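A look at the structure
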Amino acid sequence: MESTLKDMRDGASVLDMDPKHTVGGGVGDVYGEDRATEDQLVTPWTVSVASGYSLLRDPRHNKGLAFTEKERDSHYIRGLLPPVVVTQQFQEKKLMNNLRQYQVPLQRYMALMDLQERNERLFYRLLIDNVEELLPVVYTPTVGEACQKYGCIFRHPQGLYISLKEKGKILEVLKNWPERSIQVIVVTDGERILGLGDLGCQGMGIPVGKLALYTALGGLRPSACLPVTIDVGTNNEQLLKDEFYIGLRQRRATGKEYADLLHEFMTAVKQNYGEKVIIQFEDFANHNAFELLARYGTTHLVFNDDIQGTAAVVLAGLVAALKLICSTLAENTFLFLGAGEAGTGIAELIALEMSKQTKAPLEETRKKIWLVDSKGLIVNSRKDSLQNFKKPWAHEHEPVKDLLNAVKVIKPTVLIGSSGVGKTFTKEVIQAMASFNEKPLILALSNPTSQSECTAEEAYTWSQGRAIFASGSPFDPVEYNGKVFVPGQSNNAYIFPGFGLGLVISGAIRVHDEMLLAASEALAGQVTKENFDNGLIYPPFSNIRKISAHIAANVATKAYELGVATHLPRPQNLLKYAESCMYTPNYRIYR
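Quick notes on the rules
Residues numbered from 1 in each chain as written. Predicted model: local features only at pLDDT ≥ 70, side-chain atom pairs only at ≥ 80, totals over all residues. Heavy atoms only, no water. Helix = DSSP H or I, 4+ residues; strand = E, 2+ residues; numbered from the N terminus. Rg over C-alpha atoms; globule rule 2.2 N^0.38 Å. Buried < 20%, exposed > 50% of the residue type's maximum accessible area, 1.4 Å probe, protein only. Areas by Shrake-Rupley, 256 points an atom, 1.4 Å probe, with all protein chains shown as cover. Lys, Arg positive; Asp, Glu negative; His and termini not counted. Charge placed at Lys NZ, Arg CZ, Asp CG, Glu CD. Polar contact = N/O pair within 3.5 Å; in protein donor to acceptor, adjacent residues only side chain to side chain. Axes fitted to C-alpha atoms, helices over the stretch in contact; angles between N-to-C directions. Parallel < 35°, antiparallel > 145°, perpendicular 65-115°, else oblique. Contact = heavy atoms within 4.5 Å. Nonpolar A, V, L, I, M, F, W, Y, C, P; charged D, E, K, R; others polar. Core = buried A, V, L, I, M, F, W, Y, C linked by side-chain atoms within 4.5 Å. Domains from an automatic or database assignment. Buried area = accessible area lost by both parts, 1.4 Å probe. Salt bridge = Lys/Arg side-chain N within 4 Å of Asp/Glu carboxyl O.

**Things to note about the overall build of the protein**
The helix and strand inventory of the protein stands at 25 helices and 14 strands. Taking 2.2 N^0.38 as the reference for a compact globule, 591 residues should give roughly 25 Å; the C-alpha atoms of the protein span a radius of gyration of 24 Å, in line with that estimate. Each principal axis of the C-alpha atoms in the protein carries an extent, and together these give about 80 × 60 × 60 Å. Taken across its 591 residues, the protein has 60% of its residues classed as buried. Element-wise, carbon and sulfur atoms account for 51% of the exposed surface of the protein, whose accessible area totals about 23700 Å². Looking at the protein, you have 63 positive and 66 negative side-chain charges, and the mean spots of the two groups are 2 Å apart.

**Digging into the side chain of Glu275**
Here Glu275 lies in the loop between helix H13 (255-273) and strand E4 (278-281). By relative accessible area, Glu275 is classed as buried at 15%. A distance of 3.5 Å separates the side chain of Glu275 from the side chain of Lys270, its partner in a polar contact.

**Overview of the packing of helix H16 (residues 341-358) against helix H22 (residues 513-524)**
Two numbers describe how H16 lies on H22: the axes approach to 11 Å, and their chain directions differ by 85°. Judged by the inter-axis angle, H16 sits roughly perpendicular to H22. Across from Leu349, Leu352, Glu353 and Lys356 in H16, the residues of H22 making contact are Asp513, Leu516, Leu517, Ser520 and Glu521. Class assignment of the residues belonging to the contact of H16 with H22 gives a composition of 4 nonpolar, 1 polar and 4 charged.

**Remarks on the nonpolar core**
Core analysis: the largest hydrophobic core is formed by 124 residues, its most contacted members being Tyr109, Leu318, Ile350 and Phe499. The residues contacting Ile350, other than those within four sequence positions of it, are Leu315, Leu318, Leu329, Phe334, Phe336, Ile369 and Ile416. Of all hydrophobic cores here, the second largest spans 36 residues; its members include Leu164, Ile170, Ile185 and Ala268.

**As for the domain arrangement of the protein**
Annotation of the protein at the domain level lists domain 1 (52-138), domain 2 (142-304), domain 3 (309-490) and domain 4 (494-581). Between the C-alpha centres of domain 2 and domain 4 the distance comes to 26 Å. Listed as interface residues are 21 residues of domain 2 and, on the opposing side, 20 residues of domain 4. Sorting the residues of domain 2 by area buried against domain 4 places Leu217, Leu301 and Phe303 first, and these three jointly supply 33% of that buried surface. Counting every contact that joins domain 2 to domain 4 gives 1 salt bridge. Salt-bridge contacts for Glu275 lead to Arg510; the nearest nitrogen and oxygen are separated by 2.9 Å. In this structure, the connection of domain 2 to domain 4 is made through 6 residue pairs in polar contact (both at pLDDT 80 or more). Elements with a contribution of two residues or more to the side of domain 2 that touches domain 4: helix H11 (205-218), E4 and strand E5 (302-304). When residues of the side of domain 2 that touches domain 4 are assigned to their parent elements, the largest contribution, 7 residues, is made by H11.

**Concerning the environment of Gln280**
Tracing the backbone shows Gln280 in strand E4. For the pair Gln280 and Pro227, spaced 53 residues apart in sequence, the C-alpha separation works out to 9.8 Å. Ignoring any residue separated from it by four or fewer positions in sequence, one finds Gln280 in contact with Ile185, Val186, Val187, Lys210, Tyr214, Phe303, Asp305 and Phe496. Within the structure, Gln280 has its side chain in polar contact with the side chain of Tyr214 (distance 2.4 Å).

Pasting the structure below:
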């Protein structure tokens, strides 16, 4: 991946940097949010010490009915609450009972967003303790519907909206955000939201959801997270005609106007928050995603979850799956449906890991990987008409127009879907895979569920129960011929929270491909023998905080090895250090 981006940067590498940037630092724990500060008494500061009615209206410090008798007296809230005092655990039980009464997922999403605005710690406690149940609500697939209806359900501003109206004033806009110590920004321009297309300004649901997971799963402090939507218009005619649409009512800005706005944003972020703030690009269209990663990869701490995060989590699943069938990456042939951000990003990371394992040149390992786009198999004869990021995957072969024929002639052992188009892994395609593979590996990665290339039931049924299957969105267990199959979920939430934590604890100032490989290896290493025996290629999400800590430690270790870490001296035990830095949402006792 780095080699592809280096070509776009005229040979520049993320490791080519001015030594003056490698200075120590880090963001202080202002609110007592780290695990290491869990037992300390804290003062509920806002602008002044929060008390009385304002304390109950402050989501960071509000505990609802869990305020103790002493706290009710010392902070002037006696009489503002009913007399009963309950525990956080009781509140959690009550809320989960209420959430389960909703039949419509979007209602659950809205209830959780309201809770986040009302009682931040209880929101994260709920999410951490019930992650497998609530992850599909706060993120895919429900967040896709939330983005589509964001104009109708919008209640509270949850991030920064930077539009063309703010051109020339972006630094001032950033200073309007109440927090100064920001560690991670997730930014989107809303052009390619999941598999749903251009949702314009309403894509804000994605940064909000991602950052909730950064905190719940990766332990980054809520106060250090900033969701941003860059509004340059939308080409979605339905939204432009929607009276409830909340964004700019104009067609998308492109070219110099778009590039200038993004450059002003990137410059302002670095000026306002410093060198070590993570900027995660999310759901940008292919042409902009690669360009932004190439342009800013050598000057900012940037990460694209669609390209790099997806690649890392898929690679981890592949490494784990191949252990199931006693195989290696180099012994397999890979065929992708989809040659955009996700497809080419995954392909490049597989090729890099294969090169690392076999010591073969990257150009050779790429030849084991084939991609199909909307025009058919990517081959040499198409090279002149291909976008730059597709050219490394143009191999010598006769043109093939569709996926089924590509499967028949390439005979892949691994089929990966990242097309964003549902129902493309047809019965004929799956049966063809099963005809020459004892255990065909099928990954249908497109989100949300409606855009998945096939369902878990289809994969298991059409392969006669022989497929090893994983998907981007969750599917229920499937019973076939008396056996229950539990499909894996290749969810980016396995990687990006721990990856971000690793960047923060090491004070990293650049992202390098070797750090992505380190994250993949850490995730694959968390799949136990018991998981393997159940046919799982990913560990259960119930252990995600532990998994994230291991990923963070691995990523931080690699950052120190590469010389891009600035948190000095290096902690002796990075795993314990990562755990100590993780946000914990337990209620604090107020003075």
